[in-house]
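Residue-level structural notes
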Amino acid sequence: VRLSHFLQLIGADTRAKYVWFNCGDVDGYNSPLDMASALHAQTQMTFKFDDQILPRAYGYPMKVRVPTRLGFKNPKYVVGMEVTNDYMGGYWEDYGYNDYSGL
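Residues numbered from 1 in each chain as written. Predicted model: local features only at pLDDT ≥ 70, side-chain atom pairs only at ≥ 80, totals over all residues. Heavy atoms only, no water.

This part is about the overall build of the protein chain. Helix and strand content of the protein chain: two helices and seven strands. For the protein chain, the spread of C-alpha atoms along the three principal axes comes to 35 × 30 × 25 Å. With 103 residues in all, the protein chain has 37% of them scored as buried. Across the protein chain, contacts joining residues at least 24 apart in sequence account for 55% of those joining residues at least 6 apart. When the accessible surface of the protein chain is split by element, carbon and sulfur atoms take 52% of a total near 6,200 Å². (Helix = DSSP H or I, 4+ residues; strand = E, 2+ residues; numbered from the N terminus. Buried < 20%, exposed > 50% of the residue type's maximum accessible area, 1.4 Å probe, protein only. Contact = heavy atoms within 4.5 Å. Areas by Shrake-Rupley, 256 points an atom, 1.4 Å probe, with all protein chains shown as cover.)

Here we take up a nonpolar patch on the surface. On the surface, a cluster of nonpolar side chains totalling about 350 Å² of accessible area is made up of Trp-92, Tyr-95 and Tyr-97. Of note, Trp-92 is situated in the segment after strand S7 (78–84). (Patch = residues over 30% accessible without salt bridge, like charges linked within 9 Å, V, L, I, M, F, W, Y side chains within 5 Å. Salt bridge = Lys/Arg side-chain N within 4 Å of Asp/Glu carboxyl O.)

Along the chain, the position of Pro-67 falls in the loop between strand S6 (63–65) and S7. Accessibility expressed as a relative area gives 28% for Pro-67, which makes it partly exposed.

Turning our eyes to something else, we now look at the confidence of the model for the protein chain. With 95% of its residues at a pLDDT of 70 or more, the protein chain shows a mean pLDDT of 91. Confidence scores differ between elements of the protein chain, with strand S2 (residues 30–34) showing the lowest mean pLDDT of 91 and helix H1 (residues 3–9) the highest of 98. (pLDDT = per-residue confidence, 0-100.)

Moving on to the sheet that holds S2. Note on sheets: strands pair through backbone hydrogen bonds, and any given pair is parallel or antiparallel. Ordered by their spatial adjacency, three strands build an open sheet running S2-S1-S7, and the pairing between neighbours is antiparallel. The open sheet has two edge strands, S2 and S7, and neither has a second partner. Averaged over all neighbouring strand pairs, the angle between strand axes comes to 20°, with direction disregarded. As judged from the six bridges shared by strand S1 (residues 18–23) and S7, these two strands associate in the antiparallel manner. Directly across from Tyr-18, in S7, lies its bridge partner Thr-84. (Pairing = 2+ DSSP bridges. Axes fitted to C-alpha atoms, helices over the stretch in contact; angles between N-to-C directions.)

Turning to the packing of aromatic side chains, a few remarks are in order. Tallied over the full model, the rule gives six aromatic pairs. Taking 5.1 Å as the distance between ring centres and 90° as the angle between the ring planes, the aromatic pair formed by Tyr-91 and Trp-92 counts as edge-to-face. Ring pairing ties together the aromatic residues Tyr-29, Tyr-91, Trp-92 and Tyr-95, which thus form one cluster. (Phe/Tyr/Trp six-rings, centres within 6.5 Å; stacked < 30°, edge-to-face > 60°.)

Turning to the nonpolar core, a few remarks are in order. Ranked by internal contacts, the top residues of the largest apolar core, which has 15 residues, are Phe-21 and Ala-38. Broken down by secondary-structure element, the contributors of at least two residues to this core are H1, S1 and helix H2 (35–38). For this core, the element with the most residues is S1, which contributes three residues. Not counting the four nearest positions on each side in its chain, Phe-21 is found in contact with Leu-3, Asn-30, Ser-31, Leu-33, Val-64, Pro-75, Val-78, Gly-80 and Met-81. (Core = buried A, V, L, I, M, F, W, Y, C linked by side-chain atoms within 4.5 Å.)

Right under this line is the structure:
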């Protein structure tokens, strides 16, 4: 599912700066994504793998695939998201990695 379609469907304010993902992994991972990347046609929400519910090893209940970003900017185990203008940091960003990390 394209993330842009989902954001439109729920009436999210796509003029906001970020979509922030909260993940249910043991490390407390979370990740911001700039709105332009969230709206990119290749950014998708993934719920299935091989026509089966996404396995835990691949990010159940949902993985966000952002082909224009490095791997650590592809959140897995997503349990919530927030559209916001406030930069709330992120797991790797809080360790000094840059926010963009992409092509």
